[in-house]
Amino acid sequence: MTATPRVRFAPSPTGQVHIGNIRVAIFNALFARHEGGHFLLRVEDTDLERSTPEAVEALMEVMDWLELGADEEPLFQSRRREAHLAAAEQLIQGGHAYRHARSAEEAPATFFRVQPIPDTEHSGTRSVGEQQLALMADHPLRVDFSGIQWVGVSRKGKADPAACCLEGMADLKVLDAEGAVLFSLAENLDAVKSGELEFESEAGASLQFTRREIWFKDGVKGELAKSLDAMKDLVIVRGDGSPVFHLANVLDDIEQRVSHVIRGDDHVENSYRHLALYAALGESAPVYAHLPMIVNEQGKPYSKRDGDAFVGDFRAKGYLAEALFNYLALLGWSPGDDREKLNRDELIEAFSLEQVQQSPAQMDFRKLNHLNGQYLQDLPQDLYLADVRDLLSRQPWAEGCSLDTWTSFALLMRPRLQRYAEVLDWSWLAQADFERNEKALKRGLGKAWQRNAAEALLEKLEAGSSLSEAREAVCAEQELDPNKLMLPVRVGLTGQPGGPDLEELLGMMDSGSFAERLRISLAAL
RNA sequence: GCCCCCUUCGUCUAGUGGCCUAGGACACUGGGUUUUCAUCCCAGCGACAGGGGUUCGAGUCCCCUAGGGGGUGCCA
């Protein structure tokens, strides 16, 4: 494998882009950049029922936001339908596929004949010895051009129906109770394949065959294998004439000259079939690597129903693209050392499939929040201010303050911000009549002395004193340490349990509304 | 049911037979800094799923059990 690696991200544009999906894209991009290869995009929009232009647009937006630009124009799978169907026809001509209806009502579909694959460095077929399978008595066994069906005996002695492709047990012998051969597939394989010969029996006692398995070296999971006698032929073109995922996916990977297929764990079993498809097509197979799934807080994989798992929502909630990218890269992968905050270049530099975890990873929003907070602190100030300003420009209540006020306030709030969404809670700065936080009120005005001080303060403000005069006077009258008065003033005027330096804060607020703010706070108590 | 895969603190992870008394991060708890809150600093809590082997030595290798995930579609 000396050519430059080519990888692809191949989502189906149905609805919003999912967090698990985009992580697959991130790993692909990281791999491509690390290897100096190409990162491609393929839109698998063959499911016309569910694929929409809106979804394609949402996909592009998300990829753009995360700077996951592909190196070549995206390939739209739906436009390759004719090529897919032509390839299916070719497979039939070559004896690798056949048309067949499983019942009289169904229109015939095209089935691919699952077969052994040639040995290469990364995959192959090997024998693992002679097998003898006991058959359930009085259950039918059938061998025809579409495969082998039988009923075995499970470990618990129960009937275990099974089926496999013809090539799975090409040297099959059906034996009776005495061990005499009732049927030998090896001698009849061609006749069976062509449909000239079928074998059916109720009397078989056991099956004898050489077990062979398809194996491949997975980039993250190591060597994986699956017995051919556990694989059935698969549909590649439906009865209605539309190509199936397996066919389209493999053909398009060939078209895009994809060298490494990095995809989710849910595709592991597909890889054996896809490998067989490559073999039948006479193409060399890619290297496969399967990524662990992301699961939700219940430990279940995110489904499309998990509302908070859409990439667009993370963006809307004020997460930074770099932070989400960093966090997602760390979900199921680590650089192998203690580093956790890595920028894109560092991630690319450190990335390797061998360091990818093999078990599912759970999203931890708190850790993501923390990381996002760090990225927010690192943002150049003008960018940060521009983002905040943009957000505020869409809030009607923000008109209550000048741009200068918001700018100074945004700077004060910066160290305590984890997500931009928190900016939406800033309305208390602009209005006197905002929603009070009950806990804060209790803490700052709940005690008798606090309340007394606040009421005295209000009285003086209403009588025309300035805030500083009023505070000084109250401290003197009630023999209060000025510091002790801080909290009641803070809560009375801002309604917030904490926040930036009080004096600076008060300087920003409309002094005319101090009395009103205090009055509302006291009344809300 | 059958097939495949996985299993280290609550969570993400380091670990590739001796450097592991199992390290880091988030979260949590306590302390320091701060008029408050946050930031920041320090400390604490906290895991090799269970059982058998192999080995002088096992989180690391093998087997069994349990649990989890994936597959078993004319979905992708």
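As the structure is a prediction and not an experimental result, all values here were calculated from the model. (Residues numbered from 1 in each chain as written. Chains lettered and ligands numbered in written order. Predicted model: local features only at pLDDT ≥ 70, side-chain atom pairs only at ≥ 80, totals over all residues. Heavy atoms only, no water.)

Enquirer: Give me the lowdown on the pattern of salt bridges, citing residues and values where you can.
Expert: This model, assessed by the stated rule, comprises 29 salt bridges. Put simply, D252 and R80 hold a salt bridge, and the shortest N to O gap is 2.7 Å. Of this pair, D252 sits in helix α5 (residues 245-255) while R80 sits in the loop between β3 (75-76) and α3 (81-93), and the two are 172 residues apart along the sequence. Under the relative-accessibility criterion, D252 is labelled buried at 0%. For E340, the salt bridge is made with K367, and the minimal N-O distance between the two is 3.1 Å. Within this pair, whereas E340 is found in the loop between α8 (321-329) and α9 (344-350), its partner K367 is found in helix α10 (residues 365-378), the two being separated by 27 residues in sequence. K367 sits in the partly exposed class, given a relative accessible area of 40%. (Salt bridge = Lys/Arg side-chain N within 4 Å of Asp/Glu carboxyl O. Helix = DSSP H or I, 4+ residues; strand = E, 2+ residues; numbered from the N terminus. Buried < 20%, exposed > 50% of the residue type's maximum accessible area, 1.4 Å probe, protein only.)

Enquirer: Pulling in residues and values, what's your account of the protein's contact with RNA strand B?
Expert: In the vicinity of RNA strand B there are 57 residues, among which K300, G332, R416, M486 and D501 approach most closely. Here the atoms of RNA strand B within 4 Å of the protein split so that 68% fall in sugar or phosphate, with bases taking the remainder. Within the contact set of RNA strand B, a sugar or linking oxygen lies 3.3 Å away from a side-chain nitrogen or oxygen of K221. Within the backbone of Q362, an N or O atom sits 3.0 Å from a phosphate oxygen of RNA strand B. Counting only elements with at least two residues in the surface near RNA strand B, the list comes to β14 (222-227), α5, α6 (268-281), β19 (361-362), α10 and α16 (486-494). (Near = heavy atom within 4 Å. Polar contact = N/O pair within 3.5 Å; in protein donor to acceptor, adjacent residues only side chain to side chain.)

Enquirer: If you had to explain the nonpolar core to someone new, which residues and values would you point to?
Expert: Core analysis: the biggest nonpolar cluster contains 107 residues, and I22, L68, M363, W406 and W426 have the highest contact counts within it. Not counting residues within four places of it along the chain, the set of residues in contact with L68 comprises I22, A25, I26, A29, F39, M63 and F325. Ranked by size, the runner-up nonpolar core spans 30 residues in total, among them I214, L234, L247 and Y288. (Core = buried A, V, L, I, M, F, W, Y, C linked by side-chain atoms within 4.5 Å. Contact = heavy atoms within 4.5 Å.)

Enquirer: Please give an account of the sheet that holds strand β4 (residues 97-100) that cites residues and values.
Expert: Strand order in the open sheet formed by three strands is β4-β5-β15, with antiparallel pairing between adjacent strands. A single partner strand is all that each edge strand has here, and the edge strands are β4 and β15 (234-237). Shown here is a sheet whose adjacent strand axes are inclined to one another by a mean of 45°, direction ignored. Pairing analysis gives three bridges linking strand β5 (residues 109-112) to β15, with the strands arranged antiparallel. Following the sheet pairing, T110 is matched in β15 by V237. (Pairing = 2+ DSSP bridges. Axes fitted to C-alpha atoms, helices over the stretch in contact; angles between N-to-C directions.)

Enquirer: Account for the packing of aromatic side chains, with residues named and values stated.
Expert: Applying the stated criterion to the full structure yields 15 aromatic pairs. Ring geometry for W406 and F409: centres 6.1 Å apart, planes at 65°, overall edge-to-face. Of the two residues, W406 and F409 are both situated in helix α12 (residues 403-413); the distance of three residues between them amounts to about one turn of the helix. Ring centres of F409 and W428 lie 5.5 Å apart, and the angle between their planes is 85°; on these two criteria the pair is classed as edge-to-face. Residue F409 is found in helix α12, and its partner W428 is found in the loop between α12 and α13 (438-445); the two are separated by 19 residues along the sequence. Of the two residues, F409 and W428, neither departs from the other in class, the shared state being buried. (Phe/Tyr/Trp six-rings, centres within 6.5 Å; stacked < 30°, edge-to-face > 60°.)

Enquirer: Talk me through the pairing of strand β7 (residues 141-144); I want residue IDs and the actual numbers.
Expert: Relative to strand β12 (residues 199-201), β7 runs antiparallel, the two sharing three bridges. Each residue of the ladder has a partner; that of L141, found in β12, is S201. The pairing of β7 with strand β8 (residues 147-153) spans three bridges and is classified as antiparallel. Residue R142 lies in a different strand from β8, and its bridge partner there is Q149.

Enquirer: If you had to explain α13 to someone new, which residues and values would you point to?
Expert: Residues separated by three or four positions in an α-helix point in the same direction, a consequence of the helix having 3.6 residues per turn. Residues of α13 that are buried include every one of A440, L441, G444 and L445, and no others. All buried residues of α13 fall inside an arc of 100° around its axis, so they share one side. Of the exposed residues in α13, those oriented more than 90 degrees away from the buried face are E438, K439, K442 and R443. Contact partners of the buried residues in α13: α14 (448-462), α16 and α18 (514-524). (Arc of directions from axis to C-beta.)

Enquirer: With reference to specific residues and values, describe the environment of K300.
Expert: Mapped onto the elements, K300 comes out in the loop between β18 (294-295) and α7 (311-316). Taking the C-alpha atoms as reference points, K300 and P360, 60 residues apart in sequence, are found 9.4 Å from one another.

Enquirer: Run through the packing of α14 against α18, naming residues and quoting values.
Expert: Two measures define how a pair of helices packs: the angle their axes make with one another and the distance between the axes. α18 packs onto α14 with a crossing angle of 145° between their chain directions and a minimal axis gap of 9 Å. Here α14 runs over α18; the crossing is left-handed. Contacts between α14 and α18 involve R451, A454, E455, L457, L458, L461 and E462 from the former and F514, A515, L518, R519 and L522 from the latter. Along the lines of polarity and charge, the residues of the contact of α14 with α18 split into eight nonpolar, no polar and four charged. (Left-handed = near helix turned anticlockwise from the far one by under 90°. Nonpolar A, V, L, I, M, F, W, Y, C, P; charged D, E, K, R; others polar.)

Such coordinate-based values are descriptive only and should not be taken to indicate function.
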